[in-house]
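# Overview (structure and organization)
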Amino acid sequence: MSAPVTEDLLIVGAGGFARETAQAVRDVAAADVAGGRPPRWRLAGHLDDDPALHGREVDGVPVRGGCELVHGLPAARVVVCVGSPRDYAVRARLVRRLGLPADRYATVVHPTAAVSGSSAVGPGSVLLAHCVLTAGVRVGSHVAVMPQVVLTHEDEVSDFATLASGVRLGGGVRVGRGAYVGAGALVREYAAIGAWSLTGMGSTVLADVPAGEVWAGGPARLLRPAGATALAELAREAGVPGGAGCGPAGGAPVSAGAPAHGTEDGTGPDGRRPETRMGSPVA
């Protein structure tokens, strides 16, 4: 049996979620060393499409350049750490734009997370500190699971979903593709959270949340349709003509050399933020 090999890991994005993931990777490495094992990853840097960040460091980790550099570093594993309630579809667009095979993606699980042997987590997903997956839980690919989330028996979380900090899912809950469940939300057992929906922070979900809608409150109720980028993803997956493409709001793919900052708030000349800047900005 060959000895474990330390692999380089690139984090796509340099905002809040990316910074939290970088710290989780450090914590994994420290736990490996404490256990007498070689670190499974070496932080090779952040990649971000904001040229103002290139050459800088974020919490001691260099920003090496734009996202397209993943193709020039084929031996490095990758995790895409972007997204926020303002645009929680950005992670799916960016993964689609990069076009990497599944085996390029790492799965980052913080050493304090409790993942049962009967549970499974897909490539590109990140589980931060003190998450719990009790029994028979299935987490798909490119899922963001923030600190102190509890997933109980037979929960299923589909690709590109985001579970913000402190979310609690009762048993048998189904979270649809790309859904965003806000911090502290409680979801009743066997409820379904529809694809590309958003559930507000602190909500108590007692009934199914339909796809492409925003629900909030206690008990949670419909507020409005989801934002344009989430609805564009929903249309794209339904095969509707004119559905989402790879770029922002269903537009063309973002090129590696696209300008990022055209205004003081970080938006470009077209009024949009670069896709890697959808998390908390670096000061």
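Note that this is a predicted model, so its numbers are computed, not measured. (Residues numbered from 1 in each chain as written. Predicted model: local features only at pLDDT ≥ 70, side-chain atom pairs only at ≥ 80, totals over all residues. Heavy atoms only, no water.)

## Focus on the sheet that holds strand 10 (residues 132-133)
What the 6 strands build is an open sheet, ordered 7-10-13-16-19-22; its pairing is parallel. With partners counted over all chains shown, the strands left at the sheet margins are strand 7 (114-115) and strand 22 (204-205), one partner each. (Pairing = 2+ DSSP bridges. Helix = DSSP H or I, 4+ residues; strand = E, 2+ residues; numbered from the N terminus.)

## Regarding the packing of aromatic side chains
Tallied over the full model, the rule gives 1 aromatic pair. Consider the rings of Tyr88 and Tyr180, whose centres lie 5.8 Å apart with planes at 50 degrees: the pair is tilted. Of this pair, Tyr88 sits in the loop between strand 5 (77-80) and helix 2 (90-98) while Tyr180 sits in strand 18 (residues 180-181), and the two are 92 residues apart along the sequence. Taking NZ or CZ as reference, Arg40 lies 6.0 Å from the ring centre of Trp41, over its face. (Phe/Tyr/Trp six-rings, centres within 6.5 Å; stacked < 30°, edge-to-face > 60°. Lys NZ or Arg CZ within 6 Å of the ring centre and 35° of its normal.)

## Some details on the pattern of salt bridges
Here the structure, examined in full by the defined rule, presents 12 salt bridges. Put simply, Asp49 and Arg97 hold a salt bridge, and the shortest N to O gap is 2.8 Å. With Asp49 in the loop between strand 2 (41-47) and strand 3 (57-58) and Arg97 in helix 2, this residue pair connects regions lying 48 residues apart in the sequence. Taken individually, Asp49 and Arg97 each receive the classification buried, so the pair is uniform in this respect. Arg177 is paired through a salt bridge with Glu237; the nearest N and O atoms lie 2.7 Å apart. Here Arg177, found in the loop between strand 17 (174-175) and strand 18, pairs with Glu237, found in helix 3 (residues 228-237); they are 60 residues apart in sequence, far enough to count as distant. Take Arg177: its relative accessible area is 29%, and that puts it in the partly exposed class. When salt bridges with common partners are traced through the structure, they connect Asp32, Arg37 and Arg40 into a single cluster. (Salt bridge = Lys/Arg side-chain N within 4 Å of Asp/Glu carboxyl O. Buried < 20%, exposed > 50% of the residue type's maximum accessible area, 1.4 Å probe, protein only.)

## Points about helix 1 (residues 16-34)
Along its 19 residues, helix 1 runs 27 Å from first to last C-alpha, staying within 8% of the 27 Å computed at 1.5 Å per residue. Listed as buried for helix 1 are Gly16, Phe17, Ala18, Thr21, Ala22, Ala24, Val25, Val28, Ala29 and Asp32. Positioned one or two residues after helix 1, Gly36 has a phi angle of 80 degrees, which is positive. (Expected span 1.5 Å × (residues − 1).)

These values are about where atoms sit, not about what they do.
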